[in-house]
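# Summary of structural features
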Amino acid sequence: MAFALTACGRFTVMPPPDGEPVVLKPAELATTWTDADGGTLTLRQDGTFIADKVCIAVGWYDSLTWSGTGTWEQGSNKKQSFVGVTFGAAHSFDAAHPETGEREPDPYAALRRGKALMLWVAVGDPDNDYPNCVLTSPAS
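Residues numbered from 1 in each chain as written. Predicted model: local features only at pLDDT ≥ 70, side-chain atom pairs only at ≥ 80, totals over all residues. Heavy atoms only, no water.

## As for the overall build of the chain
Selection rule: Only DSSP runs of H or I reaching four residues or more are called helices, and only runs of E reaching two or more are called strands; each is numbered from the N terminus. Here the term buried applies to any residue with accessible area under 20% of the maximum for its type, exposed to any over 50%, and partly exposed to those in between, with areas from a 1.4 Å probe on protein chains only. Accessible surface is estimated by sampling points in the Shrake-Rupley manner with a 1.4 Å probe; for residues, cover comes only from the protein chains shown.
Along the chain, the regular secondary structure elements total 2 helices and 9 strands. Reading the helices (α) and strands (β) of the chain from amino to carboxyl end gives α-β-α-β-β-β-β-β-β-β-β. Taking all 140 residues of the chain together, 41% fall into the buried category. Here the chain has roughly 7300 Å² of accessible surface; of this, 52% comes from carbon and sulfur atoms.

Below you can see the structure in the form of structure tokens.
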């Protein structure tokens, strides 16, 4: 992947969901994550994934869901893990996406709230009150 998985400005613009930043092991990440609308992102231990109408953040657009396959990788700083996904050539996106060209979603950041593990990313224009995309682990 060509991007660096580090904390960047976009994570401080929107307030994160309730929870504490957490560093997760690859085995903790390799599971099926589910968003509020039932979209899923299954991260496999071999570094591949399958997405089914999962919420993502791409640029300034809100309410995007993508389906498809690709690869994922983990990065982290001392306090938090980040998960970047790169979709393969064949993927589908919802009608809200204004382009048909390839776009790389913003990385998800890991949080823990009690026993619940979450991946999240700010969605939409940070100058407006857009929601976050939050995925939860079934082990939570």
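Read on for the rest.
## Quick look at the side chain of Asp-35
Just so we agree on the cut-off: Only four residue types enter the charge count: Lys and Arg as positive, Asp and Glu as negative, with His and the chain ends excluded. By salt bridge we mean one thing: a side-chain nitrogen of Lys or Arg within 4 Å of a carboxyl oxygen of Asp or Glu. Throughout this description, a polar contact denotes any pair of N or O atoms lying within 3.5 Å of each other; where both atoms belong to protein, one of them has to be capable of donating a hydrogen while the other can accept it, and for residues adjacent in sequence the pair is counted only when both atoms sit in side chains. Two residues qualify as a contact provided that any one of their heavy atoms is within 4.5 Å of a heavy atom in the partner residue.
Its location among the elements puts Asp-35 in strand β2 (residues 32-35). No salt bridge is formed by the buried Asp-35. Its closest oppositely charged neighbour is Lys-53, at 11 Å. At 2.9 Å, the side chain of Asp-35 forms a polar contact with the backbone nitrogen of Asp-37. Of note is the side chain of Asp-35, whose polar atom sits 2.9 Å from the backbone nitrogen of Cys-55. Here Asp-35 is in contact with Lys-53, Val-54, Cys-55, Val-134 and Leu-135, once residues within four sequence places are set aside.

## Section: the state of the cysteines
Spelled out, the test is: Disulfide: a pair of cysteine sulfur atoms within 2.5 Å of each other.
By the definition in use, this model includes 1 disulfide. Cys-55 shares a disulfide with Cys-133; S-S distance 2.0 Å. The chirality of the disulfide connecting Cys-55 with Cys-133 is right-handed, given an S-S dihedral of about 80°. One end of the pair, Cys-55, is in strand β4 (residues 48-58); the other, Cys-133, is in strand β9 (residues 132-136), and 78 residues separate them in sequence. Taking the relative accessible area as the measure of exposure, Cys-55 reaches 14% and is therefore buried.

## Let's talk about unusual backbone geometry
The backbone of Lys-53 sits at a positive phi, close to 50°, despite the residue not being glycine. Its place among the elements puts Lys-53 in strand β4. On the basis of relative accessibility, which here comes to 57%, the residue Lys-53 falls in the exposed class.

## Overview of the confidence of the model for the chain
This is how it is decided: Residue-level confidence of the predictor is what pLDDT reports, using numbers from 0 through 100.
Per-chain confidence: the chain averages 81 in pLDDT, with 71% of residues scoring 70 or above. Ranking the elements of the chain by mean pLDDT puts helix α1 (residues 10-13) last, at 44, and strand β3 (residues 40-43) first, at 98. Of the regions scoring below 50 in pLDDT, residues 1-12 engages in 31 contacts with residues more than four places distant in sequence or in other chains. This stretch, residues 94-98, has a pLDDT under 50; its non-local contacts, to residues over four places away or in other chains, come to 12 contacts.

## With respect to the pairing of β9
Heads up, the condition is: The pairing criterion is simple: DSSP has to find at least two bridges between the two strands.
Where burial is concerned, the two faces of β9 differ: the one with Cys-133 and Leu-135 is buried and the one with Asn-132, Val-134 and Thr-136 is not. Pairing of β2 with β9 involves 2 bridges; the strand directions are antiparallel. Residue Thr-34 lies in a different strand from β9, and its bridge partner there is Thr-136. For strand β8 (residues 116-122) and β9, the ladder comprises 5 bridges, and the chain directions are antiparallel. Along β9, the bridge assignment pairs Leu-119 with Leu-135.

## Notes on the side chain of Ser-81
Take Ser-81: it is sitting in strand β6 (residues 81-93). Not counting chain neighbours up to four residues away, the residues in contact with Ser-81 comprise Val-22, Val-23, Leu-24, Gln-74, Gly-75, Ser-76, Tyr-108, Ala-109 and Ala-110.

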